[in-house]
Each structure stands twice: as C-alpha cells, then as structure tokens.
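Architecture at a glance
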Amino acid sequence: MKRTLDVLGAFDEQHRRLSLAHIAQRAGLPVPTTLRIVRELADHGALVRGEDRSYRIGRRLWDLGLLAPTESDLRELAAPLLHDLHAATRATVHLAVREGESALYLDRIAGQSSVPVVSRIGSRLPLYATGVGKVLLAYAPADVTAAAMAHLKPLTPHTVTAPGLLARQLARVRSEGYATTREEMTLGACSVGVPVRSGSAVVAAIGVVVPDVRRDRARLIAALTMAARGIGRRLAAERSSRELTP
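Presented here is an overview of the structure given in this document. (Residues numbered from 1 in each chain as written. Predicted model: local features only at pLDDT ≥ 70, side-chain atom pairs only at ≥ 80, totals over all residues. Heavy atoms only, no water.)

1. Things to note about the overall build of the protein chain
A tally of helices and strands in the protein chain yields nine helices and eight strands. By the compact-globule yardstick of 18 Å for 246 residues, the protein chain fits well, its C-alpha radius of gyration being 19 Å. Dimensions along the principal axes, computed over C-alpha positions, put the protein chain at roughly 60 × 55 × 35 Å. Here the protein chain, with 246 residues, has 43% of them falling under the buried criterion. Counted over contacts in the protein chain with a minimum sequence separation of 6, partners at least 24 positions apart contribute 55%. Here the protein chain displays about 13,000 Å² of accessible surface, and carbon together with sulfur accounts for 53% of that area. (Helix = DSSP H or I, 4+ residues; strand = E, 2+ residues; numbered from the N terminus. Rg over C-alpha atoms; globule rule 2.2 N^0.38 Å. Buried < 20%, exposed > 50% of the residue type's maximum accessible area, 1.4 Å probe, protein only. Contact = heavy atoms within 4.5 Å. Areas by Shrake-Rupley, 256 points an atom, 1.4 Å probe, with all protein chains shown as cover.)

Okay, here's the thing in structure tokens:
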C-alpha cells in the first residue's frame, strides 16, 4: 500500500506527466517495482498512459476524490444554487476551491453562448488568471500568494503578469467582494467570481464566464452574490445539523 501511495505521490502540480523512470526516481522505488504498480493503477483507471509513454493521473482518482466529505458535501449543497444561477444568467457557471496555487473546479454547468471555456470538472487552472481563481487567491495565505506572484506566466496577451498590478487587483477583490477578468485565461472569454463563505472563512468561489463583463457586470455580480450567500447558508445549516447529531 505504501509503495502504491509513493507512486501516486510522485505526481504534483509541477509534475503532471511523468515517464516510468521519473516516477521510480521520485517515488524512490526500483523501476521493476514501479512498473508493476503503475500497470496495476493503469488497469484500474487510476493512471493513464499517453502516446508518448508518459503517465498522468486518471479520472478514477478524481471520481474517488469526490467521495471525500468536504468536496462532495460542498458540491451537493451548492448544486441547486448553481442551477438557479445558470438559469438566471445563461452563462457557464463554475464552483471552485483552492488547491495549492491552482483553482480546482468541483462543478461546471455549460452556458448557452459560444464563449470558449477550457475548464472541466476536476481540472486545475492558475489562480491568477480566472475570476474564481482571483477570488481564492485574494483570501489565500500569504505564502500561497507569494508563490503565485513568483510564477506569473502569460496565458494570453491580456494575462496580468505584473505582481504589483495583481496585488492591487486582489486588494480590490477583498474590498469590493468580487473579481473580474477579461480574456486572461482564454481569448474571447471574460469572467466574474465571488467568494463563498462558511462563517468568516472563504471556502470556495463561484463564477460565470461570459463574452463581455462590462455591459452586465452589475446584474452578474448581484446574481453571483445571491447564489454565494445561499450556498453559505446551506453550509451553515449543514454544519449546525452535524453539531446537533449525537
């Protein structure tokens, strides 16, 4: 069991695709042992082998991860509000949490417009280039913010890569309660995100992706804020229910 976890632990944000030799090296295992474990994991969908013979984490692990209490509970509690938000905006709707320096997308409801969206359920995108990501980064610990600031890379010509400008944007998120992006992750796609709170803590972010935020900004922010508050109330009710359960 430990060796299997060592193999899976070889993968991280900076090492999403690894050759067999690199997996063995990072796991501290002999190559023959690593090969046996990797084959077993691939047979069960926990790892996927690419055409270049490198390996990546498979969908099976994401499906299992959704059974973890925090992620599954949040996704289930948020679902009705996300569908209401989708009905009100007709935009692509996202629910995300922070995982390291990335936004992990727990849920996604596709919009009706042809706006290009690269996210999918289970995907991870940089915090600094999306609406939900900037919200999560604005409330992240200082060491996470510093690490993100040190790795700003242009994803489009509009991506904010100046640490000073990003720091001012994050301060505005904390003061105004929402974040916006304009074609920073994908050309032709803009986004708005707001925090989801459990008590005083920001535990997630919800957002919408639209062609342009300038015309409907106020309406989108109002719809997002209402949905986020609803999710927060559901989280509080769930927490109270658990505390009262013997």
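There's plenty left to go through after this.
2. Looking at the packing of helix α2 (residues 20-27) against helix α3 (residues 31-43)
Orientation of α2 relative to α3, taken along the N-to-C sense of each, is 110 degrees, at an axis distance of 9 Å. What the angle tells us is that α2 and α3 run roughly perpendicular. Contacts from L20, I23 and A24 in α2 reach V31, T34, L35 and V38 in α3. Taken together, the residues that form the contact of α2 with α3 break down as six nonpolar, one polar and no charged. (Axes fitted to C-alpha atoms, helices over the stretch in contact; angles between N-to-C directions. Parallel < 35°, antiparallel > 145°, perpendicular 65-115°, else oblique. Nonpolar A, V, L, I, M, F, W, Y, C, P; charged D, E, K, R; others polar.)

3. Focus: the sheet that holds strand β4 (residues 102-109)
In spatial order, the strands read β5-β4-β3-β8-β7-β6; together these six strands make up an open sheet with antiparallel pairing. In the strand order of this sheet, the two ends are held by β5 (124-126) and β6 (179-182), each with one partner. Between one strand axis and the next, the sheet turns by 35 degrees as a mean value, whatever way the strands run. The sheet contact formed by strand β3 (residues 92-99) and β4 spans seven bridges and is antiparallel. (Pairing = 2+ DSSP bridges.)

4. Quick notes on the side chain of D107
Its location among the elements puts D107 in strand β4. Not counting the four nearest positions on each side in its chain, D107 is found in contact with R75, L82, V93, H94, L95 and I121.

5. Things to note about unusual backbone geometry
Its identity as a non-glycine residue notwithstanding, R53 has a phi of 75 degrees, on the positive side. One can find R53 in the loop between β1 (47-49) and β2 (55-57). Here R53 falls in the exposed class, since its relative accessible area comes to 60%. Non-glycine residue E183 carries a positive phi angle of around 60 degrees. By the element assignment, E183 lies in the loop between β6 and β7 (190-198).

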